[in-house]
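A structural walkthrough
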Amino acid sequence: MSRYVGLDVGSISADLVVMTEEGEILDSRYVRVFGRPLDVALEQLDEVLKRFDEVEGLCITGTGAKVIAELLGVPFVNEIVAQSRATAFLEPQVRTIIEVGGTESKLIRLGRGDDGSVRVEDFAMNAMCAAGTGSFLDQQASRL
């Protein structure tokens, strides 16, 4: 069975999924990074690779992912592209994605090509780091 690993390294968490080619989710993890994104991401990968001896592919996305992708020699995927493809795969009817992350918010509008493929029609991101984004919401949720 072919297995694929996706890792999203952000400012708040490192999120990992292991899937089959058919889209079956074999493992998923959300781990807070507490200022150590590289360490946490590498620990997660180490644990997953020990558990799943055969991994066909690995891609990394997120604000902290370029360095990790270069270190490991694996593909880095732009966040807009990753979110668009994943959404189209999991929920093909979705046309708008709103993502509030730890340091930025995104609005992505999806469309369909003549061949039925999903494409990004437009996107926007906030200009000021962490201004009104998930970091604030995360802190307030922790306080509650």
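Read on for an overview of the structure. (Residues numbered from 1 in each chain as written. Predicted model: local features only at pLDDT ≥ 70, side-chain atom pairs only at ≥ 80, totals over all residues. Heavy atoms only, no water.)

As for the packing of helix H1 (residues 37-51) against helix H2 (residues 65-72)
- Two numbers describe how H1 lies on H2: the axes approach to 10 Å, and their chain directions differ by 50°. The angle between H1 and H2 falls in the class oblique. The two elements H1 and H2 meet at a crossing, and its hand is right-handed. Of H2, the residues touching H1 (which contributes Pro 37, Leu 38, Ala 41, Leu 42 and Leu 45) are Ile 68, Leu 71 and Leu 72. (Axes fitted to C-alpha atoms, helices over the stretch in contact; angles between N-to-C directions. Helix = DSSP H or I, 4+ residues; strand = E, 2+ residues; numbered from the N terminus. Parallel < 35°, antiparallel > 145°, perpendicular 65-115°, else oblique. Left-handed = near helix turned anticlockwise from the far one by under 90°. Contact = heavy atoms within 4.5 Å.)

Quick notes on the sheet that holds strand S4 (residues 57-61)
- The strand order S3-S2-S1-S4 describes an open sheet built from four strands, whose pairing is mixed. Each edge of the sheet is formed by a strand with only one pairing partner; in this case those strands are strand S3 (25-32) and S4. Here the average twist between neighbouring strands, direction ignored, is 10°.
- The strands that H2 touches are strand S1 (3-9) and S4; relative to S4, the one it contacts most, it runs at about 150°. (Pairing = 2+ DSSP bridges.)

Some details on the nonpolar core
- Val 5, Leu 7, Val 9, Leu 16 and Ile 60 are the most contacted members of the largest nonpolar core, which has 18 residues in total.
- The greatest single-element share of this core, amounting to four residues, is contributed by H1.
- Leave out the neighbours within four places in its chain, and Leu 16 touches Val 5, Gly 6, Leu 7, Asp 27, Ser 28, Arg 29, Gln 44, Leu 45 and Val 48. (Core = buried A, V, L, I, M, F, W, Y, C linked by side-chain atoms within 4.5 Å. Buried < 20%, exposed > 50% of the residue type's maximum accessible area, 1.4 Å probe, protein only.)

Quick look at the pattern of salt bridges
- According to the stated counting rule, one finds eleven salt bridges in the structure shown.
- A salt bridge links Arg 29 to Asp 27, with the shortest nitrogen-to-oxygen separation between them at 3.0 Å.
- Linking Asp 46 and Lys 50 is a salt bridge whose minimum nitrogen-to-oxygen distance equals 3.2 Å. Residue Asp 46 and its partner Lys 50 are located together in helix H1, separated by four residues, close to a single helical turn.
- You can call Lys 50 exposed: its relative accessible area is 65%.
- In this structure, a network of salt bridges that share partners links the residues Asp 27, Arg 29, Glu 47 and Arg 51. (Salt bridge = Lys/Arg side-chain N within 4 Å of Asp/Glu carboxyl O.)

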